[in-house]
Amino acid sequence: MQIGFLSIGHEDYVGELSEHLAERASQLLSALEVDVVSAGTTEVTPSGAADAARRLAASDIAGVIVFVSTWVEGPVALAAIKEIEHLPFALWTIPMLDWDGRRESTGSLCGAAVVKGALDRTNKRFSFILGLPDPGPGNGKVADELRAFCIAAGARYRLRHARIGLIGYASMGMYPGTFDHVLLRDIIGPEVFHFDTYQLIERARRYSDDECAGDLAQLKKVVKVNAGATPRQLSETVKLYKGLKSLVDEYRLDVVNVKCQYELSKIYGYTQCVPLSWLADAGTVSTCEGDIPLSVTMLILNLLTGQPIYYGDVVDVDSDGLLLSSCGFAPFSLLGGSDSGDPGDLKAEIQPFKHKGFNGLLTSATLKPGKLTFARLVEGRGDYKIILGVADGVATPLRQGMFPAVGVKLGSGDRMDAFIRNLASQHYAVVYGDILRELELLAKMLGIEAIVI
């Protein structure tokens with residue numbers, strides 16, 4: 001995403017040093033692979049700052065970095081900020097530095113402190129970044145903060161343009177999976193498009209067995225298929241995948257959520273586990289059971305990382321962690337672990353499963369170990385919060401010898417107590433890597449509470 005860059009200062013202080021620092025700041029952002037849209041030279045008057053900010057706001061940007069290059073008067077800064085305060089913005093200031101053989105100051109920190117005080121007093125949401133625009137020793141934190149801000153701002157932008165396809169509704173009386181459509185659109189951003197289950201079935205029936213043969217061959221290259229899976233089960237699974245994919249393509253969906261229980265799994269006789277696992281690896285955030293707050297959580301994690309996202313039910317806990325396990329959904333690219341718990345002994349396959357509650361094929365494999373971030377968006381009475389944390393994902397046996405799972409180790413009883421105390425649903429999303437800072441910043445940009453476990 002494009003990020004605006006606006007340098008502000010005072011005419012008595014702007015000079016060779018401050019202009020050098022402003023140029024270095026823009027270069028650092030570019031080095032972080034940020035698509036920078038610069039407002040041009042340092043603005044020193046209220047009218048000039050406002051005009052420059054308006055030009056930035058009129059362009060297709062996700063957020064703005066306001067670089068305080070020197071001492072700046074409050075009216076200059078506020079004139080600019082009033083024009084871009086509807087966007088995520090960061091106030092970037094610099095301390096003293098070594099220049100031309102001595103310790104120099106442009107007055108940036110003093111000016112930024114004045115501006116920060118005014119913004120805090122008026123409850124503005126913004127990021128405050130302190131540090132030199134130099135990738136040298138001791139400045140890694142500045143680059144990390146800038147990167148996190150830009151990633152979060154980009155995610156917020158894309159959230160407001162995202163399209164979610166909900167097929168069916170919340171499954172099995174899962175109250176926390178229901179949502180206020182208008183509240184979600186207003187506060188978080190995505191639009192939700194509703195489809196009846198029959199629309200998916202009708203699309204799946206458009207495809208012949210012969211039309212599915214090539215897709216099935218591709219699937220078998222990605223994941224092992226258990227010999228117990230019948231040709232009819234495999235054919236119907238591919239048809240359901242192709243039907244889902246046609247909905248995604250026609251309606252330009254970023255996310256699909258399918259109510260599998262009981263219409264598809266019990267009545268129709270073919271679960272959605274494999275089609276959704278497959279679609280997740282094809283680039284569409286995919287999930288089931290009609291839990292839209294979960295879907296939006298998974299979308300957020302995807303926008304922040306670009307990765308396929310897994311979710312699981314909280315099915316077990318112990319003194320320092322929990323077990324997350326779905327009933328058959330797991331993106332194939334995330335599989336790793338084994339039914340023995342040995343990460344080197346991979347056993348992942350599509351298996352048939354028949355139960356009085358549902359019938360069909362599921363993805364039977366545990367997830368790879370590694371650092372992960374877990375999260376859950378929670379809708380309250382007119383507001384939202386997000387529960388999040390970073391943990392170690394560990395290899396685990398298949399749950400009950402069949403179902404995909406990942407162990408989530410929090411490392412202490414206190415963190416487990418906090419997790420249970422804030423438990424808001426059985427469904428939690430996970431993504432590999434530590435994106436705690438990006439999630440916290442995004443929550444701030446959205447104006448929702450972040451509860452860190």
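Let me begin by describing the structure that accompanies this report. (Residues numbered from 1 in each chain as written. Predicted model: local features only at pLDDT ≥ 70, side-chain atom pairs only at ≥ 80, totals over all residues. Heavy atoms only, no water.)

**Here's the deal with the side chain of Asn257**
Then comes step 1: Position of Asn257 relative to the elements: it lies in strand β11 (residues 255-258).
Then comes step 2: Asn257 sits in the buried class, given a relative accessible area of 0%.
Then comes step 3: Only 3.2 Å separates the side chain of Asn257 from the backbone oxygen of Asp291, close enough to count as a polar contact.
Then comes step 4: Beyond its immediate sequence surroundings of up to four residues, Asn257 is in contact with Gly165, Leu166, Ile167, Thr287, Cys288, Glu289, Gly290, Asp291, Ile292 and Ser295. (Helix = DSSP H or I, 4+ residues; strand = E, 2+ residues; numbered from the N terminus. Buried < 20%, exposed > 50% of the residue type's maximum accessible area, 1.4 Å probe, protein only. Polar contact = N/O pair within 3.5 Å; in protein donor to acceptor, adjacent residues only side chain to side chain. Contact = heavy atoms within 4.5 Å.)

**What to know about the nonpolar core**
Then comes step 1: By size, the foremost hydrophobic cluster in this structure holds 126 residues, and its most contacted members are Trp92 and Ile188.
Then comes step 2: Broken down by element, the residue count for this core peaks at eleven residues, all from helix α5 (residues 140-159).
Then comes step 3: Listed in part, the 25 residues of the second largest apolar core include Leu6, Ala52, Ile81 and Val115. (Core = buried A, V, L, I, M, F, W, Y, C linked by side-chain atoms within 4.5 Å.)

**Re the packing of α5 against helix α14 (residues 436-446)**
Then comes step 1: Put simply, α5 and α14 touch, their axes get as near as 8 Å, and they point 50° apart. The orientation of α5 with respect to α14, classified from their angle, is oblique. The crossing of α5 and α14 is right-handed. Packed against α5, whose contacting residues are Glu145, Ala148, Phe149, Ile151, Ala152, Ala153, Ala155, Arg156 and Leu159, the element α14 presents Arg437, Glu438, Leu441, Leu442, Met445 and Leu446 at the interface.
Then comes step 2: Counted by class, the contact of α5 with α14 contains eleven nonpolar, no polar and four charged residues. (Axes fitted to C-alpha atoms, helices over the stretch in contact; angles between N-to-C directions. Parallel < 35°, antiparallel > 145°, perpendicular 65-115°, else oblique. Left-handed = near helix turned anticlockwise from the far one by under 90°. Nonpolar A, V, L, I, M, F, W, Y, C, P; charged D, E, K, R; others polar.)

**Overview of the packing of aromatic side chains**
Then comes step 1: All told, the structure shown has twelve aromatic pairs when counted by the stated rule.
Then comes step 2: Taking the centre distance of 5.6 Å and the plane angle of 70° together, the rings of Tyr268 and Tyr270 count as edge-to-face.
Then comes step 3: The class of Tyr268 is buried, set by a relative accessible area of 18%.
Then comes step 4: The exposure class assigned to Tyr270 is buried, which follows from its relative accessible area of 17%.
Then comes step 5: Here a set of aromatic residues connected by ring pairs shows up, and it is made of Phe5, Phe67 and Trp92.
Then comes step 6: For Lys266, the ring lying beneath its charged end belongs to Tyr262, and the centroid distance is 5.6 Å.
Then comes step 7: Geometry around Tyr432 places Lys368 over its ring, the cationic atom sitting 5.0 Å from the centre. (Phe/Tyr/Trp six-rings, centres within 6.5 Å; stacked < 30°, edge-to-face > 60°. Lys NZ or Arg CZ within 6 Å of the ring centre and 35° of its normal.)

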